[in-house]
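Examination of the molecular architecture
The residues making up each chain are set out below.
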Amino acid sequence: MAIAGFAVGAAERNELLPRTDIVPGDVVTITVAETLHKRHRLASRLLGTVMTLSGLLALLTVILVRDAVTRGLSPLLSLSRVLQSRTEGDMTPLPDQHLSAELRTFTQAINGLLGKLDAAVRHQRRFMADAAHQLRTPVAALKVELAHAMRESDPALHARALGLLHEGMVRMSRLTGQLLTLARAEPGALSTVNFKRIDLYEVCHEVGRRIIDAGLRADVDFGLEGEPHTWVMGDRLLLEEAASNLIDNALKYAGQNVSITLSARRVGDQAVLSVEDTGGGVPASELPRLGERFHRPQDSAPGGSGLGLAIVREIAQTHGGTLICALPAQGGFRAELSLPLASEPGTGN
């Protein structure tokens, strides 16, 4: 026997309760059913509430993040406006007052870059001014000598005018080469990343071999001394140019019947390339100015440009070294290019 309670739809929960005490001897099953619509409505209301709260929370988060980002980026926008309003060539540092530590680090990096750019621009302007100043006179002289050679009808005088023109062109070529070397040796113009380990004694030996003939023609006793394996990190062509300029300077100003000694040696943690002569030297008052661009001591021999020692000084600074000029106690003149000593090959930098 079965007593049916409720049966509503297909979506229902059934409980079967068997009883034997209602009709003695018979089993009575009571079926109780409850629909799921109520639970579905409750779940829907709960889901709607959760979604609404989640949406409001997401909207509030977006508003707060946008406000924080706007406030955080406002100093950058101000810095951008400052940079955009600047004129060409304005390399003054950016203001970093009232900035956070993170932004202050950023502005300090920008100011460092502006400082490097300002130094590069100043070097470029100085080089252009120096080049224009130094090339103006020889170019004008060449024009005069060329016009004179073109007007001269006498073969002997014409040949003499052409000789003067050739000498002027040689001086012009030398000056141009020195200016180009000076531009290449300026700080920042050469990447030290490409420096290689170089034996400074080999540099001296190579330069001495090339210049020995000029020494013989000038009636000079030329000598080479030093210690092999005096290693430095640098650019070989620039170091050879430095040694050549020091020797040219000695040949030009030391005079005849003198001795010139080129040497490379180790002094503590420094590698020293020096050129010493037994000539008349220079006045002691001139020593502080030696190495300035286009400066020539009083009563110096004609024909120089005042760039030789300046080039050597620039090369020394590019290699992290110094140029030292001195008057030895026994007389004469000594110029020393002092560079940081590098480690032996195979032992690291």
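Everything below is about the structure shown above.
Residues numbered from 1 in each chain as written. Predicted model: local features only at pLDDT ≥ 70, side-chain atom pairs only at ≥ 80, totals over all residues. Heavy atoms only, no water.

**Looking at the overall build of the protein**
For the record, the criterion: Counting from the N terminus, the helices are DSSP H or I runs at least four residues long and the strands are E runs at least two residues long. Exposure is judged per residue with a 1.4 Å probe applied to protein chains only, and the accessible area is read against the type maximum: over 50% gives exposed, under 20% gives buried, and values in between give partly exposed. Residue contacts follow a heavy-atom distance rule, with two residues in contact if any of their heavy atoms lie within 4.5 Å. Surface accessibility follows the Shrake-Rupley procedure with a 1.4 Å probe radius. Residue values consider only the protein chains on display as shielding.
Helix and strand counts for the protein stand at 6 helices and 10 strands. By residue count, 31% of the 349 residues in the protein fall in the buried class. Of the contacts formed within the protein by residues at least 6 apart in sequence, a portion of 66% connects residues at least 24 apart. Accessible surface, the protein: about 21800 Å² in total, of which carbon and sulfur atoms supply 60%.

**What about the nonpolar core?**
The test is simple: The nonpolar core is taken to be a set of buried Ala, Val, Leu, Ile, Met, Phe, Trp, Tyr and Cys residues, with the residues joined through side-chain atoms within 4.5 Å.
Ranked by internal contacts, the top residues of the largest apolar core, which has 39 residues, are Leu 239, Ile 247, Leu 273 and Leu 337. Breaking this core down by element, the ones donating at least two residues are helix 4 (200-217), helix 5 (236-253), strand 7 (259-267), strand 8 (270-277), helix 6 (308-318), strand 9 (322-326) and strand 10 (333-340). A total of 8 residues in this core trace back to one element, the largest contributor, which is helix 5. With sequence-adjacent residues up to four places away left out, Leu 273 is seen in contact with Leu 200, Cys 204, Ala 243, Leu 246, Leu 262, Ser 263, Ala 335, Glu 336 and Leu 337.

**Some remarks on helix 5**
Quick reminder of the rule: Each helix should span, by expectation, one fewer than its residue count multiplied by 1.5 Å. Polar contacts, as counted here, are pairs of nitrogen or oxygen atoms within 3.5 Å of one another; within protein the pair requires one atom able to donate a hydrogen and one able to accept it, and residues that are adjacent in sequence qualify only if both atoms are side-chain atoms.
In this model, helix 5 (18 residues) spans 26 Å end to end at C-alpha, consistent with the 26 Å of a helix rising 1.5 Å per residue. Buried residues of helix 5: Leu 238, Leu 239, Glu 240, Ala 242, Ala 243, Ser 244, Asn 245, Leu 246, Ile 247, Asn 249, Ala 250 and Leu 251, and no others. A side-chain oxygen of the first residue of helix 5 lies 3.2 Å from the backbone nitrogen of Leu 237; this N-cap is Asp 235.

**Focus: unusual backbone geometry**
Of note in the backbone geometry, His 229 takes a positive phi value of approximately 65° without being a glycine. As for its placement among the helices and strands, His 229 is situated in the loop between strand 5 (221-226) and strand 6 (231-234). Take His 229: its relative accessible area is 44%, and that puts it in the partly exposed class. Backbone geometry at Asn 257 places phi at a positive 55°, although glycine is not the residue there. Among the structural elements, Asn 257 can be located in the loop between helix 5 and strand 7.

**Let's talk about the side chain of Asp 199**
Basically, it comes down to this: The charge count includes Lys and Arg as positive and Asp and Glu as negative, but it does not include His or the ends of the chains. By definition, a salt bridge exists where a carboxyl oxygen of Asp or Glu is found within 4 Å of a side-chain nitrogen of Lys or Arg.
The residue Asp 199 is located in strand 4 (residues 196-199) in this model. It turns out Asp 199 is buried and unbridged, and the closest side chain with the opposite charge, Arg 266, is 6.7 Å from it. Within polar-contact distance, the side chain of Asp 199 engages the backbone nitrogen of Thr 230 at 3.0 Å. Filtering out sequence-adjacent residues up to four positions away, Asp 199 remains in contact with Pro 228, His 229, Thr 230 and Trp 231.

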